[in-house]
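If you want the building blocks of each chain, they are given just below.
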Amino acid sequence: MTSPSPSRSISSAQNAHVKRWVALQDARGIERFQQCLVPGEKVVRETLVQHPAQCLELIHRAKIPLPFSIPAHVKTYVLSTPLFEKVDLFGTGAPILVCQAPPFPSADLEVPPRGLEILCPLGDPANVGALIRTAVAMGVERVILLKESAHPYHPKAIRAASGTVFKMSLAQGPSIRDLPEPATWVALDAQGESLPAFQWPEDIRILIGEEGPGLPSIPPGKRLAVPMTKSIESLNAVVAAGMALYAYRVQHPLTNRALRS
């Protein structure tokens, strides 16, 4: 890494850059500008090192020295504390990275899965981020975002994913109510058969239920339930998904190469 050009100072909330950064706090702004905010000093540092080509800009507060080196192509902007707080969604005070967030390719669900894939309809961006982080850890090949899903580049998703969103292959799928027949996935459902007894194919998709509504009326397919006491009606969707991914990996362990990466 080499030193970037000197930081440009911005003092007006009406500045076009500031308006763009504020817009990146929701999905519409992310899709409009095809950019995203990466918050958190640790995640910013790791993203600069591991994914420098996706990094565009770095925003930081006045009179606060940068705690890491910046690639020469990354533009830096220094803001007063009140102006920085308009962009700092989580109030950490740490520098914020602006990265590319290109559209995802469409997933053809008529094509059989290759390896382990997830169908995600989760509407809470923090849950989407947590699911992606778990998926990366468990060697998932691809996360297919259904239309109900929150944007994976929402700041809350990126924070929950701890930056792993840039490591996962993502694709756009249909609504959970428009999944094709016959079912090419297994679904997590409290009324399904016991998860531990299931014999996992190596190539498979796992459908996660929506928070609250669970699974709507969709094509019948294999449904799996996590064994639990009757005192609890359901588990958090990400927790249930993590258990299913672990059960899959018990039967299809990660290779030594995957464990090192």
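Residues numbered from 1 in each chain as written. Predicted model: local features only at pLDDT ≥ 70, side-chain atom pairs only at ≥ 80, totals over all residues. Heavy atoms only, no water.

Undergrad: What is the right way to read the overall build of the protein from this model?
TA: A tally of helices and strands in the protein yields eight helices and 11 strands. Relative to the globule expectation of 18 Å for 261 residues, the C-alpha radius of gyration of the protein, 20 Å, shows essentially globular dimensions. If you line up the protein on its principal axes, its C-alpha atoms span 60 × 40 × 40 Å. A sequence separation of at least 24 residues applies to 76% of the contacts in the protein between residues at least 6 apart. Accessible surface, the protein as shown: approximately 13,100 Å² in total, 52% of it carbon and sulfur. Between the centroid of the 26 positive side chains of the protein and the centroid of its 22 negative side chains there is a distance of 9 Å. (Helix = DSSP H or I, 4+ residues; strand = E, 2+ residues; numbered from the N terminus. Rg over C-alpha atoms; globule rule 2.2 N^0.38 Å. Contact = heavy atoms within 4.5 Å. Areas by Shrake-Rupley, 256 points an atom, 1.4 Å probe, with all protein chains shown as cover. Lys, Arg positive; Asp, Glu negative; His and termini not counted. Charge placed at Lys NZ, Arg CZ, Asp CG, Glu CD.)

Undergrad: Before we go on, may I ask you to explain the packing of aromatic side chains in this structure?
TA: Where two aromatic rings form a pair, the distance of their centres and the angle of their planes describe that pair. One pass over the structure, following the stated rule, counts five aromatic pairs. When the centroid spacing of 5.7 Å and the interplanar angle of 40° are considered together, the rings of Phe104 and Tyr153 count as tilted. With Phe104 in the loop between strand 5 (96-100) and strand 6 (116-120) and Tyr153 in the loop between strand 7 (142-145) and helix 6 (155-161), the pair connects residues that are 49 residues apart, well separated along the chain. The exposure class assigned to Tyr153 is buried, which follows from its relative accessible area of 7%. When the ring of Tyr153 is compared with that of Phe166, the centres are 5.7 Å apart and the planes differ by 25°; the resulting orientation is stacked. On the criterion of sequence distance, the pair formed by Tyr153 in the loop between strand 7 and helix 6 and Phe166 in the loop between helix 6 and strand 8 (170-172) is long-range, its members being 13 residues apart. Each of the two residues, Tyr153 as well as Phe166, counts as buried. Chaining the aromatic ring pairs together yields one cluster made of Phe104, Tyr153 and Phe166. Above the ring of Phe90, the side-chain terminus of Arg159 is found at 4.2 Å from the ring centroid. (Phe/Tyr/Trp six-rings, centres within 6.5 Å; stacked < 30°, edge-to-face > 60°. Buried < 20%, exposed > 50% of the residue type's maximum accessible area, 1.4 Å probe, protein only. Lys NZ or Arg CZ within 6 Å of the ring centre and 35° of its normal.)

Undergrad: It is not clear to me how the sheet that holds strand 2 (residues 35-38) should be interpreted in this structure. Could you clarify?
TA: Backbone-to-backbone hydrogen bonds join strands into a sheet, with any given pair of strands oriented parallel or antiparallel. With mixed pairing, the five strands of this open sheet are ordered in space as 1-4-3-5-2. Bordering the open sheet on either side are strand 1 (8-10) and strand 2, each of which pairs with just one other strand. Neighbouring strand axes in the sheet, compared pairwise and without regard to direction, differ in orientation by 25° on average. Bridging between strand 3 (residues 55-61) and strand 5 involves four bridges; their strand directions are antiparallel. (Pairing = 2+ DSSP bridges. Axes fitted to C-alpha atoms, helices over the stretch in contact; angles between N-to-C directions.)

Undergrad: What is the right way to look at the side chain of Asp189 in this model?
TA: Among the structural elements, Asp189 can be located in strand 9 (residues 185-194). Under the relative-accessibility criterion, Asp189 is labelled buried at 19%.

Undergrad: Even after reading the chapter, I still don't get the packing of helix 5 (residues 125-137) against helix 7 (residues 237-251), so can you show me in this structure?
TA: Describing two packed helices takes the angle between their axes plus the distance from one axis to the other. With their axes 10 Å apart at the nearest point, helix 5 and helix 7 run at an angle of 15° to one another. Between helix 5 and helix 7, the crossing angle belongs to the class labelled roughly parallel. In the crossing of helix 5 with helix 7, the sense of the turn from one axis to the other is right-handed. Residues Asn127, Ala130, Leu131, Thr134 and Ala135 of helix 5 lie in contact with helix 7, whose contacting residues are Val238, Ala241, Gly242 and Leu245. The residue makeup of the contact of helix 5 with helix 7, split by class, is six nonpolar, three polar and no charged. (Parallel < 35°, antiparallel > 145°, perpendicular 65-115°, else oblique. Left-handed = near helix turned anticlockwise from the far one by under 90°. Nonpolar A, V, L, I, M, F, W, Y, C, P; charged D, E, K, R; others polar.)

Undergrad: Please explain the nonpolar core as it appears in this structure.
TA: Taken as a class, soluble globular proteins show a tendency for nonpolar side chains to be buried jointly. If you look at the biggest cluster of nonpolar residues, it comprises 53 residues, and the most contacted ones within it are Val38, Val143, Tyr153, Leu170, Trp200, Ile206 and Ile208. Take this core: its biggest share by element is eight residues, from helix 7. Once residues within four sequence positions are removed from consideration, Ile208 is found in contact with Ile118, Leu119, Pro121, Leu122, Leu131, Ile176, Leu188, Leu215, Ala237 and Ala241. (Core = buried A, V, L, I, M, F, W, Y, C linked by side-chain atoms within 4.5 Å.)

Undergrad: Would you mind going over helix 1 (residues 16-23) with me for this structure?
TA: Residues that lie three or four places apart on an α-helix share one face, since the helix turns once every 3.6 residues. For helix 1, the set of buried residues is Val18, Arg20 and Trp21. Each buried residue of helix 1 sits inside an arc of 160° when the element is viewed along its axis, so together they form one side. A side-chain oxygen of the first residue of helix 1 lies 2.7 Å from the backbone nitrogen of His17; this N-cap is Asn15. (Arc of directions from axis to C-beta. Polar contact = N/O pair within 3.5 Å; in protein donor to acceptor, adjacent residues only side chain to side chain.)

Undergrad: Is there a simple way to think about the pairing of strand 6 in this case?
TA: For strand 6, a buried count of five out of five residues is recorded, marking the element as mostly surrounded by other parts of the structure. In strand 6, alternate side chains face the same way, and those of Leu116, Ile118 and Cys120 on one face and Glu117 and Leu119 on the other are all buried. The pairing of strand 6 with strand 7 spans four bridges and is parallel. In the strand pairing of strand 7, Leu119 is matched with Ile144. Handedness of the strand 6-helix 5-strand 7 crossover: right-handed. (Right-handed = clockwise from strand over helix to strand, strands pointing away.)

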